[in-house]
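Next come the chains, spelled out residue by residue.
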Amino acid sequence: MDSDTEIELLGAFAINDRNGTAHEVRSVRIFNESYGVIDVFVTLSPSATEARLCDDPVAIAQIMRRLHDAGYSGPDFGRGDEGLQDDCLMVLEAPQAFNRFAASRGWKDLAAAFESDDDNPAPDAATSEMLDAFLKKLGRR
């Protein structure tokens, strides 16, 4: 991630893992645009390398508390794909409810550009009449 394509949601703060060991969260960030599902990137200090905080519900709960304090008001996140996890990076997958909060911070939903009224056009009267006539004709056979 780089500063041109990311949004910092939270700066540095401390959390404790399920064993009570303290770790530093350096930042919580998202990409500034994506397609619907948002991955939340939690950058950790090197002390978290062996802690596997991505699987630690105590640590994740503390991160969620901070996000709720920052204004997010939805359900908690789950762990992102295993392949995204790294020694000093925890990736969480946000639910759809997070999108509104992310948008308030400058995130852009690229999928919205593909949604239009053309996807669900309103039927016109002539088309409806033709469809009704066709269905009646099929029903007679």
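Definitions and cut-offs
- Residue positions are given per chain, counted from 1 along the sequence in the order it is written.
- pLDDT decides what is reported in this predicted model: residues at 70 or higher carry local features, side-chain atom pairs at 80 or more are listed and counted, and totals for whole chains, interfaces and linings draw on all residues regardless.
- Excluding hydrogens and water, the side-chain figures rest on all heavy atoms present in the structure.
- Counting from the N terminus, the helices are DSSP H or I runs at least four residues long and the strands are E runs at least two residues long.
- Remark: exposure states derive from per-residue accessible area (1.4 Å probe, protein chains only) relative to the maximum for the residue type, with buried under 20%, exposed over 50%, and partly exposed in between.
- Each accessible area value is a Shrake-Rupley result obtained with a 1.4 Å probe; residue values ignore everything except the protein chains displayed when judging cover.
- Pairs of N or O atoms are called polar contacts if they sit within 3.5 Å, as long as, within protein, a hydrogen donor faces a hydrogen acceptor (for residues adjacent in sequence, only side-chain-to-side-chain pairs).
- Any two of the Phe, Tyr and Trp rings considered here, Trp counted by its six-membered ring, make a pair once their centres fall within 6.5 Å; the pair's planes then place it as stacked at under 30 degrees, edge-to-face at over 60, or tilted in between.
- Any two strands are treated as partners once DSSP identifies two or more bridges connecting them.
- The length a helix should cover is 1.5 Å for every residue beyond the first.
- Residue contacts are defined here by distance: any two heavy atoms, one from each residue, within 4.5 Å place the two residues in contact.

A.B. asks: Explain the overall build of the protein chain here, please?
C.D. replies: A tally of helices and strands in the protein chain yields three helices and eight strands. Ordered by position in the sequence, the α and β elements of the protein chain form the string β-β-β-β-β-α-β-β-α-β-α. Here the protein chain holds 141 residues, and 32% of them are scored as buried. Surface accessibility of the protein chain: about 8,900 Å² in total, with carbon and sulfur atoms responsible for 49%.

A.B. asks: Would you mind showing me how to read the side chain of Glu6 here?
C.D. replies: Tracing the backbone shows Glu6 in strand β1 (residues 6–10). Note on Glu6: relative accessible area 15%, which makes it buried. A polar atom in the side chain of Glu6 sits 2.5 Å from the side chain of Arg29.

A.B. asks: So what exactly am I meant to see when it comes to the packing of aromatic side chains here?
C.D. replies: The description of two aromatic rings rests on the distance between their centres and on the angle between their planes. Counting across every chain of the model gives six aromatic pairs. Considering the side-chain rings of Phe77 and Phe98, the 5.0 Å spacing of their centres and the 80 degrees angle between planes classify their relative orientation as edge-to-face. Here the residue Phe77 occupies a position in the loop between α1 (57–69) and β6 (78–79), and Phe98 occupies one in helix α2 (residues 98–104), the gap between them amounting to 21 residues. With respect to class, Phe77 is no different from Phe98; both count as buried. Note on Phe98 and Phe101: the rings are 5.5 Å apart at their centroids and 45 degrees apart in plane angle, and the pair reads as tilted.

A.B. asks: Looking at this model, I keep getting lost on the pairing of strand β5 (residues 39–44). Mind explaining?
C.D. replies: Relative to β5, strand β3 (residues 22–31) runs antiparallel, the two being bridged by four bridges. Paired with Val25 across the strands is Leu44, a residue of β5. Direction of pairing for β5 relative to strand β7 (residues 89–93): antiparallel, over a ladder of five bridges. Residue pairing in the sheet places Phe41 in a bridge with Val91 of β7.

A.B. asks: What is the right way to read α1 from this model?
C.D. replies: For an α-helix, the turn length of 3.6 residues means that residues three or four places apart are oriented alike. Here α1 contains 13 residues, and its C-alpha end-to-end distance of 18 Å stays within 8% of the 18 Å for a straight helix at 1.5 Å per residue. Considered for burial, the residues of α1 that qualify are Ala59, Ile60, Gln62, Ile63, Met64 and Leu67. In the core, the buried residues of α1 are packed alongside β1, β2 (13–16), β3, β5 and β7. Sitting at the head of α1, Asp56 places a side-chain oxygen 2.9 Å from the backbone nitrogen of Val58. Looking one or two residues past α1, Gly71 carries a phi angle of roughly 120 degrees, positive in sign.

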